[in-house]
Amino acid sequence: MINCGIIGFGKMGKIRAKAIEASGLGRVSTIFDVSLPDNLFYAVAESPDAILQAPDIDAVFVCTPNHLIPTLCIEALSAGKHVFSEKPPGFNADQVHEVIAAEQAAKDRKLMYGFNHRHHESIMRMKQIVDDRELGRVLWMRGRYGKEVDPAYFDGWRAKPELAGAGILLDQGIHMADLMMHLGGGFDEVHAFVSNLFWKIDGIEDNVFAIFRNSQTGCCASLHSTMTQWRYLFSLEVFLEGGALVLNGLKTSSGAYGDEVLAIKRNPSHLQDGRFEEEEQLIYHVDTSWQSEIDHFFDCVLTDKPVLFGNSQDALTVMELVDRIYAVGKSSELGQPKTPARSD
């Protein structure tokens, strides 16, 4: 059994604890958070350092606000622990380089980041089709990921740039950027606009529009990450030489993003009505992604396999893309805040 310590026991810490216990491969030994209820099932550490230095802890789960993530990952690796961390891996790629240096010094310790969307069954099916070249090469992709926010958002750490690092792209859009790289490869050309037209929180963008291109393959992608959608929305379209993969909705515990429906469209017809000659529709009723993610991490720890999904190189690559989006997009930023943040 892998003894685990969890630093940060909010929503994500609780989700991770449930998956750890359900795996049958690990158990939660100790947790830490700055604010905890009294009636907890787990032992509570006095500080994060108490978990990092505990000789009986094999793996540390970092489930904290963004600004703490790189430092805790470095400290845990330096203490000889395996590390599973929430995303984002840092505020920028430079911070990820520092974590990778600690990972390399730790040698056989495993480091995995929670890019959870890769573990949704629909995404795994899409990845299989792309890798097998069942529908040929990927030509282009389009992704939209949006949500609303309520007044409670403004009281939390995500609305504070010194704690969050940035806004909706780093918070949520990073998942879509990661999926696009996961399915279509890297991008070396970036164009973007970063806007702050409505909420007007300094340093917290509410919309990002980005276009990418791989100059070697010609594959293009467009991404819209937004917190002024007013309705929760997830949509990822991948068009290939021999058809298309269209995913609408994402199965979550809240149900906010609706049903997770994947349409696999084969052999595109040349008829003017736009029909495909064959279409398969898959509906995923259960979200198994949290468990799949933890099972993969534990398997890597127990068998000394390399982390395949959410490894440090994946984290670095997506953060380099995020850095470029912000650098390009903020040079022509729209709606700079001139009034106090809205909370109505």
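For the structure, see preceding data.
Residues numbered from 1 in each chain as written. Predicted model: local features only at pLDDT ≥ 70, side-chain atom pairs only at ≥ 80, totals over all residues. Heavy atoms only, no water.

Peer 1: An account of the overall build of the protein is needed here, citing residue identities and associated values.
Peer 2: Counting its secondary structure elements, the protein contains nine helices and 14 strands. Relative to the globule expectation of 20 Å for 344 residues, the C-alpha radius of gyration of the protein, 20 Å, shows essentially globular dimensions. For the C-alpha atoms alone, the extent of the protein along its principal axes is close to 65 × 50 × 35 Å. Summed over all atoms, the accessible surface of the protein reaches about 15500 Å², with 51% contributed by carbon and sulfur. (Helix = DSSP H or I, 4+ residues; strand = E, 2+ residues; numbered from the N terminus. Rg over C-alpha atoms; globule rule 2.2 N^0.38 Å. Areas by Shrake-Rupley, 256 points an atom, 1.4 Å probe, with all protein chains shown as cover.)

Peer 1: Outline the sheet that holds strand β8 (residues 189-195), listing residues and values.
Peer 2: Within the open sheet, the eight strands sit side by side as β8-β9-β10-β7-β11-β12-β13-β14. Their pairing is mixed. With partners counted over all chains shown, the strands left at the sheet margins are β8 and β14 (276-284), one partner each. Neighbour-to-neighbour, the strand axes of this sheet turn through a mean angle of 10 degrees, independent of strand direction. Note that strand β7 (residues 138-146) and strand β11 (residues 233-240) share eight bridges and pair antiparallel. In the sheet register, Met141 faces β11, and the bridge partner there is Val238. (Pairing = 2+ DSSP bridges. Axes fitted to C-alpha atoms, helices over the stretch in contact; angles between N-to-C directions.)

Peer 1: For helix α9 (residues 312-330), give the residues involved together with the corresponding values.
Peer 2: Between its first and last C-alpha, α9 extends 26 Å over 19 residues, near the 27 Å set by a 1.5 Å rise per residue. Turning to α9, its buried residues number three or more, namely Ser312, Asp314, Ala315, Leu316, Val318, Met319, Leu321, Val322, Ile325, Tyr326 and Gly329. Measuring from the side-chain oxygen of the N-cap residue of α9 to the backbone nitrogen of Gln313 gives 3.1 Å; that N-cap residue is Asn311. (Expected span 1.5 Å × (residues − 1). Buried < 20%, exposed > 50% of the residue type's maximum accessible area, 1.4 Å probe, protein only. Polar contact = N/O pair within 3.5 Å; in protein donor to acceptor, adjacent residues only side chain to side chain.)

These figures come from the coordinates and say nothing about function on their own.
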